[in-house]
Amino acid sequence: MPALNIEYTEAELAAIREAAAADGKTVKAYVHDLSVREQQRRTFVNHAVAFWNAHLEEFDAAFPEDTPAARRSAA
């Protein structure tokens, strides 16, 4: 399985060790889970933004009083 070697300062590593212990995980599991969760968060946000942009006109039509003035004047 591919691996990654990451360098930290002593203070950074101490903080990571503390956070991992608080989660009941090894440092390796903690850093792995954190990086995977961040990638999943980015994917979710990208899809949410795409959905919003695809349906923006529908939202503006359904809730015209909530449409920002800059977008109302641009339309």
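Residues numbered from 1 in each chain as written. Predicted model: local features only at pLDDT ≥ 70, side-chain atom pairs only at ≥ 80, totals over all residues. Heavy atoms only, no water.

Draft legend 1. Geometry of the overall build of the protein chain. When its secondary structure is counted, the protein chain shows 3 helices and 0 strands. Each helix and strand of the protein chain, placed in order from N terminus to C terminus, yields the pattern α-α-α. Computed over its C-alpha atoms, the radius of gyration of the protein chain comes to 21 Å, more than 25% above the 11 Å expected for a compact globule of 75 residues. For the protein chain, the spread of C-alpha atoms along the three principal axes comes to 55 × 30 × 20 Å. Buried positions account for 8% of the 75 residues belonging to the protein chain. Roughly 6,600 Å² of accessible area belongs to the protein chain as shown, and the carbon and sulfur atoms make up 61% of that amount. (Helix = DSSP H or I, 4+ residues; strand = E, 2+ residues; numbered from the N terminus. Rg over C-alpha atoms; globule rule 2.2 N^0.38 Å. Buried < 20%, exposed > 50% of the residue type's maximum accessible area, 1.4 Å probe, protein only. Areas by Shrake-Rupley, 256 points an atom, 1.4 Å probe, with all protein chains shown as cover.)

Draft legend 2. Up close: the side chain of Thr67. Counting through the fold element by element, Thr67 comes out in the loop between helix 2 (27-62) and helix 3 (69-74). Overall, the relative accessible area of 6% leaves Thr67 in the buried class. Sequence-distant contacts of Thr67, defined by excluding residues within four places in its chain, comprise Asp60 and Arg72. (Contact = heavy atoms within 4.5 Å.)

Draft legend 3. Structural context of a nonpolar patch on the surface. Taken together, the side chains of Phe51, Trp52, Phe59 and Phe63 make up a nonpolar region of the molecular surface, amounting to roughly 400 Å² of accessible area. Relative to the helices and strands, Trp52 is located in helix 2. (Patch = residues over 30% accessible without salt bridge, like charges linked within 9 Å, V, L, I, M, F, W, Y side chains within 5 Å. Salt bridge = Lys/Arg side-chain N within 4 Å of Asp/Glu carboxyl O.)

Draft legend 4. Structural view of the confidence of the model for the protein chain. Of all residues in the protein chain, 97% attain a pLDDT of 70 or more, and the chain-wide mean is 94. Helix 3 is the least confidently modelled element of the protein chain, averaging 78 in pLDDT, while helix 1 (residues 10-22) averages 98, the highest of any element. (pLDDT = per-residue confidence, 0-100.)

Draft legend 5. Spotlight on the pattern of salt bridges. Counting across every chain of the model gives 4 salt bridges. For the salt bridge of Asp33 with Lys25, the shortest nitrogen-to-oxygen distance reads 2.8 Å. Its salt-bridge partner being Glu38, residue Arg42 comes within 3.1 Å of it at the nearest N-O pair. With Arg42 and Glu38 both in helix 2 and 4 residues apart, this pair spans about one turn of that helix. Relative accessible area serves as the criterion here: at 52%, Arg42 is assigned to the exposed category. On the accessibility criterion, Glu38 (31% relative accessible area) is partly exposed. Among the charged side chains, a salt-bridge network with shared partners connects Glu38, Arg41 and Arg42.

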